[in-house]
Amino acid sequence: MNPAITHRHVIIRLLNGPIYQEDLDFWSRLGAEWEKIKNHFIQMGMEVARDDSAGYAFLRQKEEEFEESWEDSKEAPLPRVLRRTRLTYHQTMLMILLREDLMHFEQNQEEGDHLYRSALDLREIMVPYYPELHDEKRIHRQIASLVSKFEDWGMLKKVKEQDDGLYRVERIIKAKLTPEKLQEVRDQIKRRTIDLEDEMEKDNA
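Residues numbered from 1 in each chain as written. Predicted model: local features only at pLDDT ≥ 70, side-chain atom pairs only at ≥ 80, totals over all residues. Heavy atoms only, no water.

S.K.: Quick question: what am I supposed to make of the overall build of the protein chain here?
M.R.: A tally of regular secondary structure across the protein chain gives nine helices and six strands. Taken over 205 residues, the protein chain has a buried fraction of 32%. Taking all contacts inside the protein chain whose residues are at least 6 apart in sequence as the whole, residues at least 24 apart take part in 55%. Here the protein chain has roughly 13800 Å² of accessible surface; of this, 47% comes from carbon and sulfur atoms. (Helix = DSSP H or I, 4+ residues; strand = E, 2+ residues; numbered from the N terminus. Buried < 20%, exposed > 50% of the residue type's maximum accessible area, 1.4 Å probe, protein only. Contact = heavy atoms within 4.5 Å. Areas by Shrake-Rupley, 256 points an atom, 1.4 Å probe, with all protein chains shown as cover.)

Spelled out as structure tokens, the structure:
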């Protein structure tokens, strides 16, 4: 463990994104000063979601129940530190597809410790969700931008540059999208699709 890395470095790193077990210095310091780091974020109204078996840690905002009469007897609710991100349709679909891919990988105990997908794999699974576009190059640019966003979020990690790149699907996606939440999102998308189909039928009636 690099002695130059302190708990303060870990705190700042967590504020900028997840920490993975392969980040040896940060991961070691996180374990060595776990209580101090955890309690620091508790004071800020956040919690560190940590999974040692999967090898990741990230921040979650603790949701506080709003009290209308907090002025009289309660502390004011803490402001949000982490911004809540609303996913676009295509971001949602890639999240679902990667989560289901990872679930299948783990259930079937496929060879290797990690799930890897090439840039071509990612394009192929996403192209059907761009039916309104007929420009192949434009579709590929949009999917490349989408993949880049998932890299920024720490859900994909490029491990090879050749042939447009090879990506590792990070297991943190399991914490971001639990099986229950996955089904809930799937149901929402299904209802949205049915609503659109019904609307089209009425327009064509």
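S.K.: Explain the packing of aromatic side chains to me, please; I cannot follow it from the model alone.
M.R.: Within a pair of aromatic rings, the relevant descriptors are the distance that separates the centres and the angle that separates the planes. In the structure shown here, the tally under the stated rule is two aromatic pairs. Summarising the aromatic geometry, the rings of Phe150 and Trp153 are spaced 5.3 Å apart at their centres and angled 55° between planes, so their arrangement reads as tilted. When its relative accessible area of 0% is taken as the criterion, Phe150 is described as buried. Classification of Trp153 as partly exposed rests on a relative accessible area of 24%. Geometry around Phe26 places Arg13 over its ring, the cationic atom sitting 4.6 Å from the centre. Here the basic side chain of Arg50 rests over the ring of Trp34, its NZ or CZ set 4.6 Å away from the ring centre. (Phe/Tyr/Trp six-rings, centres within 6.5 Å; stacked < 30°, edge-to-face > 60°. Lys NZ or Arg CZ within 6 Å of the ring centre and 35° of its normal.)

S.K.: I keep staring at the pairing of strand 6 (residues 166–169) and nothing clicks. Help me out?
M.R.: Sheet faces and side chains relate simply in a regular strand, where the side chains alternate between the two faces. As judged from the four bridges shared by strand 4 (residues 115–118) and strand 6, these two strands associate in the antiparallel manner. Note on strand 6: the bridge partner recorded for Tyr116 is Arg168. Looking at chain direction, strand 5 (residues 156–160) and strand 6 are connected through four bridges and run antiparallel. Its bridge partner lying in strand 6, Leu156 is registered against Val169. Between strand 5 and strand 6, which pair antiparallel one after the other, the connecting turn spans five residues, and Asp163 there sits at a positive phi close to 55°. (Pairing = 2+ DSSP bridges.)

S.K.: Before we go on, may I ask you to explain the packing of helix 1 (residues 7–16) against helix 3 (residues 34–43) in this structure?
M.R.: Packed helices, taken two at a time, are described by the angle their axes make and the gap between the axes. Helix 3 packs onto helix 1 with a crossing angle of 50° between their chain directions and a minimal axis gap of 10 Å. Comparing the axis directions of helix 1 and helix 3 gives the class oblique. Seen along the crossing, helix 1 lies across helix 3 with a hand that is right-handed. Contacts between helix 1 and helix 3 involve His7, Val10, Ile11, Leu14 and Leu15 from the former and Lys36, Ile37, His40 and Phe41 from the latter. Residues of the contact of helix 1 with helix 3, tallied by class, amount to six nonpolar, two polar and one charged. (Axes fitted to C-alpha atoms, helices over the stretch in contact; angles between N-to-C directions. Parallel < 35°, antiparallel > 145°, perpendicular 65-115°, else oblique. Left-handed = near helix turned anticlockwise from the far one by under 90°. Nonpolar A, V, L, I, M, F, W, Y, C, P; charged D, E, K, R; others polar.)

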